[in-house]
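A look at the structure
Now for the letters of each chain:
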Amino acid sequence: MIRELSGTRPLPVILKPVPDELLSSWITRHADFYGVSPLTMLRHAIPAATSLRRTDTNLGPSAAVHIARLFRSQSSTILAMTTSGFPKSAARLAAPRAIQCCIACNEQNRSQGAASAVQRSWIEGWRITCPVCRQRQQETTEGASALASTSSPFKDLWVDAVHGERLIDQSLRGAAFVGWVSPIDIVRLLLVRRCPKPFHHQASIRHSTILGAVVPGFDELVAEQRLPRPTIARPILPIGLRMALLAGISIIYQAGPALISELKRQTLGAHYARFAAIDAGISASRNSQPLQVN
């Protein structure tokens, strides 16, 4: 059934967003309700819009005002349904589509008539838990793990991993971040290539990472399972490996600057230069404003 839409005036019927719903998901559910395409629905707010995906990742304040008017909401609420506020250094941590989901929330949404709803945390490539109910996230077909076993070999690092997840979440949510370093910068450091000393890996490893020095066994597992080596340009990992990355963030955060200096000595050439550049940025940021330490 096609329900009547008129110009850019507020919609006559507004569907309640589910907790943590992604903006494109909310727009798409309204499009289904009114019998139009998602892009047509978006164009009732922004006539020149060409991409629904961009509303999730690159929505400006002015566009948010227009969308808020259509859906009888607040622009701040609309922006909070996106990843548009993420710094450029964290942009690659947002996947282009859902790579995980929370089974409990999915069932709750279904029971409330919102079976197609997609939560924002389902595209957030650093998450291992759901921000709504705190249950563990499960990988979807798009983000299916290539690990031979569904049980993470880093499950003993769960507490550190959850702490690392919380550090990233706080830094990206606009909350006043308390600490000596941005967790996003730690992610970049952990994915720099290193020269292992001594070289004693059982598996053939073409490229080792700083993360492998912080979380023993990470590089060996990636090599043994023939998984793609994680890089700064490709930081989203399967959840089983993501636990190691998040734990590494927590370990460095708690150890302090001395550990970064020690790790820098495990890099060579261009990788040393990259590590040093990130480290210099951390130092400059730390010296430019007083930060409290947890």
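Data block above holds the structure.
Residue indices follow the written sequence of each chain, beginning from 1 at its first position. Whole-chain, interface and lining totals are the exception, using all residues; otherwise, since this is a predicted model, local features are given only for residues with pLDDT of at least 70 and side-chain atom pairs are given and counted only at 80 or more. To get the side-chain values, take all heavy atoms of the structure and skip hydrogens and water.

1. Focus on the environment of Ile99
Put simply, DSSP marks the helices as runs of H or I at least four residues long and the strands as runs of E at least two long, and each gets a number from the N terminus on. Checked against the element boundaries, Ile99 lands in the loop between α5 (75–79) and β1 (100–101). Classification of Ile99 as buried rests on a relative accessible area of 10%. Measuring from C-alpha to C-alpha, the distance between Ile99 and Ser121 comes to 9.5 Å, with 22 residues separating the pair along the chain. Throughout this description, buried means an accessible area under 20% of the type-specific maximum (1.4 Å probe, protein chains only), exposed means over 50%, and partly exposed covers the range between.

2. So, the pattern of salt bridges
Every case where a carboxyl oxygen of Asp or Glu lies within 4 Å of a side-chain nitrogen of Lys or Arg is listed as a salt bridge. By the definition in use, this model includes eight salt bridges. A salt bridge links Glu21 to Arg29, with the nearest nitrogen and oxygen atoms 2.9 Å apart. A single burial state applies to Glu21 and to Arg29, both of which are buried. Here Asp279 makes a salt bridge to Lys264, at a shortest N to O gap of 3.1 Å. Here Asp279, found in helix α13 (residues 269–288), pairs with Lys264, found in helix α12 (residues 257–264); they are 15 residues apart in sequence, far enough to count as distant. Classification of Lys264 as buried rests on a relative accessible area of 18%. Residues joined in a network through salt bridges with shared partners are Arg120, Glu124, Arg127, Glu165 and Asp169.

3. Quick word on the packing of aromatic side chains
For this analysis, a ring pair means two rings from Phe, Tyr or Trp (six-membered ring only for Trp) whose centres lie within 6.5 Å, classed as stacked if their planes differ by under 30 degrees, edge-to-face if by over 60, and tilted for the remaining angles. Following the criterion strictly, the structure yields four aromatic pairs and no others. Centre to centre, the rings of Phe33 and Tyr34 are 5.1 Å apart; their planes meet at 80°, and the pair counts as edge-to-face. By relative accessible area, Phe33 is classed as partly exposed at 23%. Residue Tyr34 is classed as buried on the basis of its relative accessible area, which comes to 1%.

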